[in-house]
Amino acid sequence: MKSTRRAFTLIELLVVIAIIAILAAILFPVFAQAKAAAKGTQELSNFKQLATASILYSGDYDDVFVTTAVYDFTNNQNYWAPRIVPYTKNAELVRSPFDNRLPDNWSGSWAGPWISFASNSFCGGAGGNTVQNDSGQGVIAVHQVAAGWVGWFTSSAVSQTQITNVADTIMFAPKYSRDVLRTSFSWLGGNSAFIWPGQVFLWDCQPGQDFYCAEGSGVPNGVRNQLFGNVRPFPQGNQGAVSLRDAGNNVQGNANFAFADGHAKSFRPEATNPHPLNEPLRNMWNSRR
């Protein structure tokens, strides 16, 4: 006798579909978390290599770290990123996998290539002073050579021996294009290496007190929301202009940082400078603390 094959009933098909949907709902978030973790590891690796390259650079220049320009349209080599690239042999290290607004064209625009990171060029705010003083306290010192701006900054190149706590002093931090596009500098089209404030962290100042601080060059300050009331999470909140690894407008989150001794680590940005007035020794942006 020939056996007959029974087809699936509608209810059985619906049960199978429901099981597949449940499994997908369970697994997709796991895949997303695994992807985010892989991106975080890649960005940490980028930071680690940039920090190592900076230390190698200092070894060739009498123990002095690279410096960077602001508003210099005369020579791209006056900025930190192109000075470090010869030591990494990989220009893509200045781009983050979390920076989903970066274009495919690495060369960028008239203002230079888009990058995802900015240097610790801290020039004010140490000890609770919320007014920038233009004297260098960061790791990557700022110099000004553009016509009409010479002498604005009084900072000079920083040597490794001048940094009092290399393992706890930030060298580079993330500043993604998607965040720069949320400031009045959106006309840049993204985060550029060759214009300020895209490529540096400069000041710790009160929102509304300084245009550039409010528009993307401010460092974190753990008590800023308490001191200055209701301000925008980016870039005027307690996380400053540091970009979070989490996409969107999250109020809390982690960011990766590179340190002056060459290691890289993930922190909450506000923890890098929890209270500049009461706890100045915990300000990881001040290399002379």
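The coordinates are above.
Cut-offs applied
Residues numbered from 1 in each chain as written. Predicted model: local features only at pLDDT ≥ 70, side-chain atom pairs only at ≥ 80, totals over all residues. Heavy atoms only, no water. Helix = DSSP H or I, 4+ residues; strand = E, 2+ residues; numbered from the N terminus. Buried < 20%, exposed > 50% of the residue type's maximum accessible area, 1.4 Å probe, protein only. Contact = heavy atoms within 4.5 Å. Areas by Shrake-Rupley, 256 points an atom, 1.4 Å probe, with all protein chains shown as cover. Core = buried A, V, L, I, M, F, W, Y, C linked by side-chain atoms within 4.5 Å. Patch = residues over 30% accessible without salt bridge, like charges linked within 9 Å, V, L, I, M, F, W, Y side chains within 5 Å. Salt bridge = Lys/Arg side-chain N within 4 Å of Asp/Glu carboxyl O. Phe/Tyr/Trp six-rings, centres within 6.5 Å; stacked < 30°, edge-to-face > 60°.

Overview of the overall build of the chain
Okay, so step 1: Along the chain, the regular secondary structure elements total 6 helices and 7 strands.
Okay, so step 2: Each helix and strand of the chain, placed in order from N terminus to C terminus, yields the pattern α-β-α-β-β-β-α-β-α-α-α-β-β.
Okay, so step 3: Classification of the 289 residues of the chain by burial places 49% in the buried group.
Okay, so step 4: Taking the intrachain contacts of the chain between residues at least 6 apart in sequence as the baseline, contacts between residues at least 24 apart amount to 60%.
Okay, so step 5: Of the accessible surface of the chain, which amounts to about 13,400 Å², a share of 58% is contributed by carbon and sulfur atoms.

As for the nonpolar core
Okay, so step 1: Among the nonpolar cores identified, the biggest contains 24 residues, and Leu50, Trp80, Ile84, Val139, Ile140, Met171 and Phe172 are the most heavily contacted of them.
Okay, so step 2: Contributing elements (two or more residues each) for this core: helix H1 (10-60), helix H2 (80-88) and strand E4 (170-174).
Okay, so step 3: Ranked by residue count, the leading element in this core is H1, at 5 residues.
Okay, so step 4: Listed in part, the 16 residues of the second largest apolar core include Tyr71, Val142, Phe153 and Leu188.

A short note on a nonpolar patch on the surface
Okay, so step 1: A grouping of Ile11, Val15, Ile19, Ile22, Leu23 and Ile26 is seen on the molecular surface, where their side chains present a nonpolar patch of about 590 Å² in accessible area.
Okay, so step 2: Following the sequence through the fold, Ile26 ends up in helix H1.
Okay, so step 3: Among the residues examined, Ile26 registers a relative accessible area of 52% and is labelled exposed.

Observations concerning the packing of aromatic side chains
Okay, so step 1: In the structure shown here, the tally under the stated rule is 8 aromatic pairs.
Okay, so step 2: Here the aromatic rings of Phe47 and Phe117 are separated by 4.3 Å at their centres, their planes lie at 40 degrees, and the arrangement is tilted. Remark: Phe117 occurs in strand E2 (residues 117-120) and Phe47 occurs in helix H1; sequence separation between them is 70 residues.
Okay, so step 3: Under the relative-accessibility criterion, Phe47 is labelled buried at 0%.
Okay, so step 4: A centroid spacing of 5.8 Å and a plane angle of 70 degrees characterise the contact between Tyr57 and Tyr87, whose relative ring orientation is edge-to-face. Residue Tyr57 is located in helix H1, and its partner Tyr87 is located in helix H2; the two are separated by 30 residues in the primary sequence.
Okay, so step 5: The buried category is assigned to Tyr57, whose relative accessible area is 9%.

Here's the deal with unusual backbone geometry
Okay, so step 1: The phi dihedral of Asp62 is positive, around 55 degrees, even though this residue is not glycine.
Okay, so step 2: Structurally, Asp62 can be placed in the loop between H1 and strand E1 (68-69).
Okay, so step 3: Although it is not a glycine, Lys89 adopts a positive phi angle of roughly 60 degrees.
Okay, so step 4: The topology assignment puts Lys89 in the loop between H2 and E2.

Nothing here speaks to function; it is geometry throughout.
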